[in-house]
Every structure is written in C-alpha cells, then in structure tokens.
Amino acid sequence: MALKVLSALDTAKTQYYHFKAIIIAGMGLFTDAYDLFCIPPIMKLIGRIYYEKEPGSRKYEIPAFVVSLLLGLSLLGTAIGQIVFGHLGDRIGRRRVYGLSLILMVVSSIGCGFSICRTRNCVLATLGFFRFVLGIGIGGDYPLSATIMSEFANKATRGSFIAAVFSMQGFGILVSSTVTMAVCSAFKTASKALNDKTPEEADVAWRLILMFGAVPAGMTYYWRMMMPETARYTALVEQNVLQAAKDMEKVLDVSMSQIAEDYEIPPTPPSYPLFSKRFFRRHGRDLFSCATTWFLLDVVFYSSNLFQSQIYNHYLSQKESVNAYHEAFEFAKVQAIIAVCSTIPGYWATVACIDRIGRVRIQIMGFICMAIGLLAIGVPYYSTWDEDTHDTGKHVGFMLLYGLTFFFANFGPNTTTFIVPAELFPARFRSTCHGISGAAGKVGAIIGSVGFLWASQNKKEKGYPKAIGMRNSLVILAGVCLLGAVVTYFFTRETKGKSLEENENEDEINDQVLLTGRYVQSHSSITEGAAA
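Anyway, here's the lowdown on the structure attached to this text. (Residues numbered from 1 in each chain as written. Predicted model: local features only at pLDDT ≥ 70, side-chain atom pairs only at ≥ 80, totals over all residues. Heavy atoms only, no water.)

1. Regarding unusual backbone geometry
What is expected of a backbone is that most residues other than glycine have negative phi and most peptide bonds are trans. The test is simple: Runs of E in the DSSP output that reach at least two residues are strands. Runs of H or I that reach at least four are helices, and both are numbered from the N terminus. Buried means the residue's accessible area, taken with a 1.4 Å probe over protein chains only, is under 20% of the maximum for its type, while exposed means over 50%, and partly exposed covers the values in between.
One non-glycine residue, Tyr60, adopts positive backbone phi at about 70 degrees. Mapped onto the elements, Tyr60 comes out in the loop between α3 (39-50) and α4 (64-91). The class for Tyr60 is buried, based on a relative accessible area of 9%. Even without being glycine, Phe275 reaches a positive phi, approximately 65 degrees. Tracing the sequence through the fold places Phe275 in the loop between α13 (256-259) and α14 (277-301).

2. With respect to the pattern of salt bridges
Put simply, the rule reads: By salt bridge we mean one thing: a side-chain nitrogen of Lys or Arg within 4 Å of a carboxyl oxygen of Asp or Glu.
Overall, the coordinates contain 17 salt bridges when judged by the stated rule. Here Arg224 makes a salt bridge to Asp141, at a shortest N to O gap of 2.6 Å. Here Asp141 lies in helix α6 (residues 120-152) and Arg224 lies in helix α10 (residues 221-226), a separation of 83 residues in the sequence. Neither Arg224 nor Asp141 differs from the other in exposure class; each is buried. Bridged by salt links that share partners, the residues Asp90, Arg94, Glu151 and Arg430 form one connected network.

3. Focus: the nonpolar core
Nonpolar side chains tend toward joint burial in soluble globular proteins. Stated precisely, the cut-off is as follows: Put simply, buried Ala, Val, Leu, Ile, Met, Phe, Trp, Tyr and Cys residues joined by side-chain atoms within 4.5 Å make one nonpolar core. Residue contacts are defined here by distance: any two heavy atoms, one from each residue, within 4.5 Å place the two residues in contact.
With 56 residues, the main nonpolar core has Val5, Tyr142, Met149, Met227, Met248, Phe411 and Phe418 as its most contacted residues. Of the residues forming this core, the biggest block, nine residues, is contributed by α6. Excluding residues that lie within four positions of it along the chain, Val5 makes contacts with Ala231, Ala244, Ala245, Met248, Ile259 and Glu261. Core analysis: the next-biggest nonpolar cluster, separate from the first, contains 33 residues, Ile364, Trp385, Ala409 and Ala445 among them.

4. Quick look at the state of the cysteines
Put simply, the rule is: Cysteine sulfur pairs qualify as disulfides if the two atoms are within 2.5 Å.
The final tally for this structure, using the stated rule, is one disulfide. Paired through a disulfide, Cys117 and Cys122 show a sulfur-sulfur distance of 1.8 Å. Every disulfide takes its handedness from the sign of the S-S torsion; for Cys117 and Cys122 that torsion is -115 degrees, giving left-handed. Owing to a relative accessible area of 17%, Cys117 belongs among the buried residues under this scheme. Looking at Cys433, it has no disulfide partner, and the nearest cysteine sulfur is the one in Cys290, 8.3 Å off. Given the relative accessible area of 0%, Cys433 is considered buried.

5. Side note on the environment of Thr198
Mapped onto the elements, Thr198 comes out in the loop between α7 (158-190) and α8 (202-211). A relative accessible area of 8% places Thr198 in the buried class. Each C-alpha atom of the pair Thr198 and Asn323 lies 5.8 Å from the other, and the pair is 125 residues apart in sequence. In this structure Thr198 touches Arg48, Ile49, Glu52, Tyr60 and Ala324, once residues within four positions along its chain are discounted.

6. Re the packing of α6 against α8
Counted only if it meets this: For helices, the axis comes from a line fit to the C-alpha atoms of the stretch in contact; other axes are also lines fit to C-alpha atoms, and the angle between any two N-to-C directions lies between 0 and 180 degrees. Working definition: roughly parallel below 35 degrees, roughly antiparallel above 145 degrees, roughly perpendicular at 65 to 115 degrees, and oblique for all remaining angles. In this classification, the charged set is Asp, Glu, Lys and Arg, the nonpolar set is Ala, Val, Leu, Ile, Met, Phe, Trp, Tyr, Cys and Pro, and all remaining amino acids, among them Gly, are polar.
For the pair α6 and α8, interaxial distance at closest approach is 14 Å and the crossing angle is 5 degrees. Comparing the axis directions of α6 and α8 gives the class roughly parallel. Where α6 approaches α8, its residues Val123, Leu127 and Arg131 are matched on the opposing element by Trp206, Arg207 and Leu210. Taken together, the residues of the contact of α6 with α8 break down into four nonpolar, no polar and two charged.

7. Notes on the side chain of Arg207
Put simply, the test is: Polar contact criterion, stated in full: a pair of N or O atoms within 3.5 Å, where within protein one must be able to donate a hydrogen and the other to accept it, and residues adjacent in sequence count only if both atoms are side-chain atoms.
Tracing the backbone shows Arg207 in helix α8. From its side chain, Arg207 meets the backbone oxygen of Asp203 in a polar contact 2.9 Å long. Residues contacting Arg207, with those up to four places away along its chain left out, are Tyr50, Gly113, Phe114, Ser115, Cys117, Arg118 and Val123.

The quantities given are spatial measurements derived from coordinates; they are silent on function.
Okay, here's the thing in structure tokens:
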C-alpha cells in the first residue's frame, strides 16, 4: 500500500493552503517576469542618459553588443541558478534553500538600482554584475517552486496548481509595466526641466523601477520560511514518515490518525545514484524530452525581441520629439496591453484546461500553432509586414498574428515545459532534473534572444552586421517549433491524473510499485502472502 500521508495529499480537497502555496511559490516567477520586462523601457532611459552625446543615429541608442551582453549575463545566471539550487533542493531540502534564492533576488534587485556609480562604464558593468546575480536567484526559484507545488498538490488538480504558479509571470509583466508608467508619470510631473529631453533626475527613475522588484519577493520571505518541508521529501528522501505526517497535519485539513502509519517503516538506502547507468535507463528518456522541449521552446519564445521594431514603432513617438519619461512610458504601455490581451489569457487558459486536455496535447498544439503564426509572419515579411509599418490594416494583422503566436506559447509549451519536469522524476532527483531541464531552456533563450537578434539583420545598421535576415530567421524558428512538437509526440509521457509516485516509474525491489493503476506489494511481500 502507498504511504497514508502521500495518499492523503493525492486525494486532498482543494483548500486554503493550496492557494496560499500558489502565491508564495509564484512570487519568484512574478519577480522573474518583473525584472525581465522592466528592462526594455529602462534601457530606453539608460540610453537617453548615458548615450545622449553620441553622434547621428547612435544618439540615445545603447550599442547592440552592450544590450546583448546584459541580456546574456542575466540568462546565464538563471541557468546556473537552476542547476545549483535544483541540486541543493534534492540534497538538503526544498525549504532550506527556498529562502536563499529569495534573498538573492531581493539583494540583487536593490543592487541593480544602486549600480554603485554614475559614469557610463561603471553603471553598465555593475548593472551587468547584479543582473547576473539576480539571474542566479531567479533561476534557483524555478525548480524549487515547481517541485514544492507539485509535491503539495493533489493529483486531480496538480497541473492547474503548477500552471497557476507559473502564471504569476503574467502579473509580473503587468506590474512591471504599471510601475514603470507610474514612476515615469510622477517624475515627469515633478520635473522642473520641462524642456529638457533628458532631465537629470531620470537617472533616479530607472533605479527606483529596478529596486521595486525587491518588494514582492521580500514580502513573501516570512511565509516561505514558515512553510514546512514537503511531505514527499521528508518521507521519501529523508525517510522520516512520522515527521511528514506531523507537517501535513498542520497545513491540510486532516487528522493525525488519518495519515500516520500503523507501524514504523524502516529506512531503505537509495538503490542507484544520479547519472548512473540505471538512472539513464529509467529516466534518460524523460530527462531528454524535458530538456530538449524546454530548449526548443525558449529559442523561439525569447526571440520575441525580433518583433519589437514592428510592434513599437507604430505606437512610439519619434525619440527626438519627446523626453525620456514619455518614451519609456509609451514603451511600458504597449507591453501592458500585450500582457493583458495575449500573455495572461494564455497562462490562464492552461490553468483551466491542463488537467482535462493533458500536458502532451497542449504542448503539441502550442508548438504547431506557434509554427503556423511564425510562418504567417515570416514568409511574407518583407513584402507585407516590413513594407509600410504605418499602414493600420497591416499593423492590426501583424499584431493579431503576433498575439496569437505568443498566446499559444503560453497556452502551450511555455507553461507545460515548466510543469512536466516537476512530475516525472523520483523525489530524490526531482528538483535536480527540473533544474537541468530549465538550464537547457535558458541556453536556448540565449540563442533566441541574442543569436537570432543578430542573425535577423538583413543589412548593417545600429551596430548589427548583415546576416540571414528576418524572413529566414522566422522560418527557422517555425521549424524549431515543429521539431518541438515531434520530440513531444515521441518522447514526452503524459502525467495527467496520476500520482507523482506513479509518474516517476520506479520499481525498486524494496519499494511499492504501481501497475495498471493499482498498488501491489514488492516481491518479498508477494512471496510471504503466497506462503500464508
């Protein structure tokens, strides 16, 4: 029979603690999105302040190499954080390192705002350093939040709960845009230099926007420290079943008599280590599918900056005709509109449907719809979308295709690749394997956001060399999406409606194994029963 405490978790009714866990776990993802999406308007402000004296078209423009380096450092830090904190989550416990990732986010968000000095090279160097550290903290939050939520959730609604944690990114995007608009409006109203295109106090505005990212993370620190260790880690990794029952009695609406075992269960040592031949024989396919699909998804998802000129040029005023606050405000406003119309609905469509449709179907559907959207944008790009950006009809069509493409990214692989690694692996490897999968994704993100940004140029301008052009880049990205659908179809296992112990595909001789939906005794128990 399965452990009573784990059965209680699998069958527990949705209750207050589940929603509390969603908010607590989701704040890390909220901070991730906040810090990622507040950077574009902030780069507008930094360009105004520190590149005001550049000649000609380079005025107010941060060089392409600097933008790419800052973005790459943040993503590299995220990849490192996912691997390191994911491994620590399995070695010393999810709860023990959960607060550390949050502290890193709070400290580095404040550090990004201070950036120590006011000379251009010093500001950019220190900003890059603190963005890297922030990335480590954010990366650490990915495997821990997903694993904690999966191990607390019941099996009927586990997908929706983990998706709800991930959907906090949508609100992070919206809040980052709202804070940016509020700060810019306040500074513009209070500014005494009305005719100055770049008021001196703009150097304070972007710092405040960055430092605000520490507020939501800091507010949840206490609640994270009050969370008990997950019952699955305590019972299956630390092998302290009694303590797991005591912890769950405090947070779930169950009595100790319902979840305590009738007899003491002796500890059993792990039968094989991580990355052993036996590990790869049992879980190699799952790790391959999770890491590969996340990598392919992030190559495409983080390439969204390719579309910025098409999206924003239609709405933004000429930078020479407005001051710094107005330019950043308009940029943030467009981001907020896209979040409300496309990003957030995509996340919550997944929350609503994932435990009915299943992870695999949603992921395949999302990849295919993204491929269709990218081909529709890419094939006629130069003849239709790039021909006249001020044609309202064309621009509406472009925005519709763009919105649908990234709606199906969120109602698709962007959410499911976060969920599935938290469900497939044994408890003692779960956080590590999620971290590895996520790190593979961030390698893809670097390729998508930096590599394709350079590759998409069809002429030499703004510091970028001539490359393969936008049409070829988008067709390649569509091919990446189709490859993701193929990998999902052939390698990703469905986890809908199953307990984590059933999903992990363990069949240790001393463990209890799930076969055809029923728990059966291990070999020794069966032998004893036959003898009786």
